Amino acid sequence: MSIKPVQEAGREMIVLELYRRGTISSGKAAELLGTSRLAFVQHASRLGIPFFDMTDDEWEAEKAALKAL
């Protein structure tokens, strides 16, 4: 068994955790994993890591701001 898949899985877990914490952007995470930003965001979303991380109050404020336009 090759160690490379374990190293790749470890790298992915670290990058995903940094992204989840907001330490790195989705673009930087995608770059570190050698994928497109869209593919990374979709992958993270499937793992339960949201692209938008807003509280209910923040979301309501955003909707109100859009309605005001």
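Values in this document were obtained by computation on a predicted structure and should not be read as measured data. (Residues numbered from 1 in each chain as written. Predicted model: local features only at pLDDT ≥ 70, side-chain atom pairs only at ≥ 80, totals over all residues. Heavy atoms only, no water.)

(A) Region of interest: a negative patch on the surface. The grouping of Asp53, Asp56, Asp57, Glu58 and Glu62 at the surface amounts to a negative patch. Asp56 gets classed as exposed once you look at its relative accessible area, which sits at 64%. (Patch = residues over 30% accessible without salt bridge, like charges linked within 9 Å, V, L, I, M, F, W, Y side chains within 5 Å. Areas by Shrake-Rupley, 256 points an atom, 1.4 Å probe, with all protein chains shown as cover. Salt bridge = Lys/Arg side-chain N within 4 Å of Asp/Glu carboxyl O. Lys, Arg positive; Asp, Glu negative; His and termini not counted. Charge placed at Lys NZ, Arg CZ, Asp CG, Glu CD. Buried < 20%, exposed > 50% of the residue type's maximum accessible area, 1.4 Å probe, protein only.)

(B) Main features of the packing of helix H1 (residues 4–21) against helix H2 (residues 26–33). The interhelical angle for the contact between H1 and H2, taken along N-to-C directions, is 175°, at an axis separation of 10 Å. When the axes of H1 and H2 are compared, the pair comes out roughly antiparallel. Contacts between H1 and H2 involve Arg11, Glu12, Val15 and Tyr19 on the former and, on the latter, Ser26, Ala29, Leu32 and Leu33. Taken together, the residues of the contact of H1 with H2 sort by class into five nonpolar, one polar and two charged. (Axes fitted to C-alpha atoms, helices over the stretch in contact; angles between N-to-C directions. Helix = DSSP H or I, 4+ residues; strand = E, 2+ residues; numbered from the N terminus. Parallel < 35°, antiparallel > 145°, perpendicular 65-115°, else oblique. Contact = heavy atoms within 4.5 Å. Nonpolar A, V, L, I, M, F, W, Y, C, P; charged D, E, K, R; others polar.)

(C) Quick look at the environment of Leu16. Along the chain, Leu16 turns up in helix H1. The buried category is assigned to Leu16, whose relative accessible area is 7%. Filtering out sequence-adjacent residues up to four positions away, Leu16 remains in contact with Phe40, His43, Ala44, Leu47 and Ile49.

(D) Molecular detail of the packing of aromatic side chains. Evaluation of the coordinates by the stated rule reveals two aromatic pairs. Where Tyr19 meets Phe40, the ring centres are 4.9 Å apart and the plane angle is 85°; that geometry is what we call edge-to-face. Placement of Tyr19 in helix H1 and of Phe40 in helix H3 (residues 37–46) is noted, with a sequence separation of 21 residues between them. The exposure classification of Tyr19 matches that of Phe40, with both residues buried. Here Phe51 and Phe52 contribute two aromatic rings whose centre-to-centre distance is 4.9 Å and whose plane-to-plane angle is 75°, an arrangement assigned as edge-to-face. The exposure class assigned to Phe52 is exposed, which follows from its relative accessible area of 61%. (Phe/Tyr/Trp six-rings, centres within 6.5 Å; stacked < 30°, edge-to-face > 60°.)

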